[in-house]
Every structure is written in C-alpha cells, then in structure tokens.
Amino acid sequence: MRTWLRNVRLATATIARGMYVTLHYFVQSLRRKSFTQFFEYPEKPVPVRPRYRGFHRFDLTTCIGCDKCARACPVDCIYIDKDKAAPPLKGFVVTGFKIDYTKCMFCALCVDPCPVDCIFMGSNHDLSTFGRDGCVVDYAKLPLEVAWGQATLNPTAVHESKRVSLPVWTKSAGG
Ligand code: SF4
Ligand code: SF4
C-alpha cells in the first residue's frame, strides 16, 4: 500500500512538473512579439551569426581559375569556364563561374583551398526562384557588387544575369 501511494505521489508530481513547463512556455509565447515584429523580414534582413554559411560571395576580379574549389566540392556543383589568357597576360581568363544550388549543401569545403581568397560563404539565406534554372547562379555574369559586394544576391539579379553572355569583368594587361 505504501509503495502504491508513493508511486501515485511520484506520478502526480511528475505530471505537475511537466504541465508547469508547458504552461510556462505557453504564457511566454502569448507575451512575446512575433518574429516579423523583431526583424521586419523581408524589408530588413534577419541577422545571422558571423560564421553563417549562406549563398556564396565570389570575386571574379581575383579568381585565377585554378579549379581548386571545384575539385574540393564533394558534390561537383561548381562549373568553371575559362580561356587561356592572351600574351602578355598569364594564366586564365575566367568566363563563367556557375554554382548549382540544387546540389550545393553549403559545406564550405570550396572556400578553404582557394589560394587568393576570392570565394566565401555569404550571409544571404533566401534565393527563391520559379524554376530550377534560377538555382544555377553564374557569378561571372552577375554585377560585381552583387556577386562580391554589399548588394545582396537576389532572384531578380540572377534572372537578369541569364541574359548576359559575356563575363562582367575580364582582366587586362593594366591589371
Ligand atoms: S559549399 Fe560545399 S557543396 Fe556547395 S559549392 Fe562549396 S564545396 Fe560544393
Ligand atoms: S579556388 Fe579560388 S581562384 Fe581557384 S578557381 Fe576557385 S575561386 Fe577561383
């Protein structure tokens, strides 16, 4: 009998403790502001942690077309088009730098091997598109301030870049 009473008391206390936690969070969720009140998304971007791995940032003006990032990619979703540079220039001229975001898993393994630090994981996390074509982003056809600078990678810029046939920047003998 004593054991039975102890079990009943224990069960009641356990349920009460569980219900207290549930009630506590229920009241908190009633009191707190909604997500959009804090961040006003999409008008203002949601802040992310410094090491957040969002859509890439890529600098066409420093890329040397060495393919190290493409070779490091575990899912082979980086496609680099390049031509041999005409003398007196050396190396390659990068004419296309595509990343297929239907395959990319945002692992950042492409970032570390880059010898000139021209590819990074950015802080942008939204790139909604109407078709799969919009998921393949050619960074060599995006305006430099979108691909590398402060302007955000966005569906409109990606859509516009599909109409561009030549890279937005090519290296010249002057630098
Ligand atoms: S983040 Fe990972 S999966 Fe995406 S392109 Fe870089 S290496 Fe490939
Ligand atoms: S590793 Fe860097 S320099 Fe080499 S192709 Fe990739 S982005 Fe360009």
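Residues numbered from 1 in each chain as written. Chains lettered and ligands numbered in written order. Predicted model: local features only at pLDDT ≥ 70, side-chain atom pairs only at ≥ 80, totals over all residues. Heavy atoms only, no water.

Visitor: So what exactly am I meant to see when it comes to the overall build of the protein chain here?
Guide: Broken down by element type, the protein chain carries 5 helices and 5 strands. Listing every helix and strand of the protein chain by position from the N terminus yields α-α-β-α-β-β-β-β-α-α. Radius of gyration (C-alpha) of the protein chain: 25 Å, far over the 16 Å computed for a compact globule of 175 residues. Overall, the protein chain is about 95 × 35 × 30 Å in size when its C-alpha atoms are taken along their principal axes. Taken across its 175 residues, the protein chain has 29% of its residues classed as buried. Residue pairs at least 24 apart in sequence account for 69% of intrachain contacts in the protein chain once pairs closer than 6 positions are excluded. For the protein chain, the exposed area adds up to about 12,300 Å²; of that, 59% sits on carbon and sulfur atoms. Side-chain charges in the protein chain split into 24 positive and 15 negative, and the spacing between the mean points of these groups amounts to 15 Å. (Helix = DSSP H or I, 4+ residues; strand = E, 2+ residues; numbered from the N terminus. Rg over C-alpha atoms; globule rule 2.2 N^0.38 Å. Buried < 20%, exposed > 50% of the residue type's maximum accessible area, 1.4 Å probe, protein only. Contact = heavy atoms within 4.5 Å. Areas by Shrake-Rupley, 256 points an atom, 1.4 Å probe, with all protein chains shown as cover. Lys, Arg positive; Asp, Glu negative; His and termini not counted. Charge placed at Lys NZ, Arg CZ, Asp CG, Glu CD.)

Visitor: Looking at this model, I keep getting lost on the sheet that holds strand E3 (residues 92–100). Mind explaining?
Guide: Pairing between sheet strands relies on hydrogen bonds along the backbone, with the strands arranged either parallel or antiparallel. If you walk across this open sheet you meet the 3 strands as E2-E3-E5, and the pairing is antiparallel. With partners counted over all chains shown, the strands left at the sheet margins are strand E2 (78–84) and strand E5 (136–138), one partner each. Each strand axis lies, on average, 15° off the axis of its neighbour in the sheet, ignoring direction. Pairing between E2 and E3: 7 bridges, direction antiparallel. Bridge assignment links Asp83 to a residue of E3, and that residue is Val93. (Pairing = 2+ DSSP bridges. Axes fitted to C-alpha atoms, helices over the stretch in contact; angles between N-to-C directions.)

Visitor: Would you take a moment to explain the site of ligand 2 for this structure?
Guide: Cys63, Cys66, Asp67, Cys69 and Cys114 are the nearest of the 15 residues found near ligand 2. For the shell around ligand 2, a count of residues per class yields 12 nonpolar, 1 polar and 2 charged. (Near = heavy atom within 4 Å. Nonpolar A, V, L, I, M, F, W, Y, C, P; charged D, E, K, R; others polar.)

Visitor: Help me out: how do you make sense of the domain arrangement of the protein chain in this one?
Guide: One frequently used descriptor of interface size is the decrease in accessible area upon assembly of the parts. Examined at the domain level, the protein chain breaks down into domain 1 (2–32) and domain 2 (56–161). Inter-centroid distance (C-alpha atoms) of domain 1 to domain 2 is 53 Å. (Domains from an automatic or database assignment.)

Visitor: Which parts of the structure should I look at to understand the pattern of salt bridges?
Guide: Proximity of charged atoms lets side chains of opposite charge pair with each other. For the coordinates displayed, the defined rule picks out 5 salt bridges. Residue Lys82 pairs with Asp67 through a salt bridge whose shortest N-O separation is 3.0 Å. You can see Lys82 sitting in strand E2 and its partner Asp67 sitting in the loop between strand E1 (56–58) and helix H3 (68–72), a full 15 residues away along the chain. Asp67 gets classed as partly exposed once you look at its relative accessible area, which sits at 21%. Two residues, Glu160 and Arg163, come together in a salt bridge whose shortest N-O distance is 3.4 Å. (Salt bridge = Lys/Arg side-chain N within 4 Å of Asp/Glu carboxyl O.)

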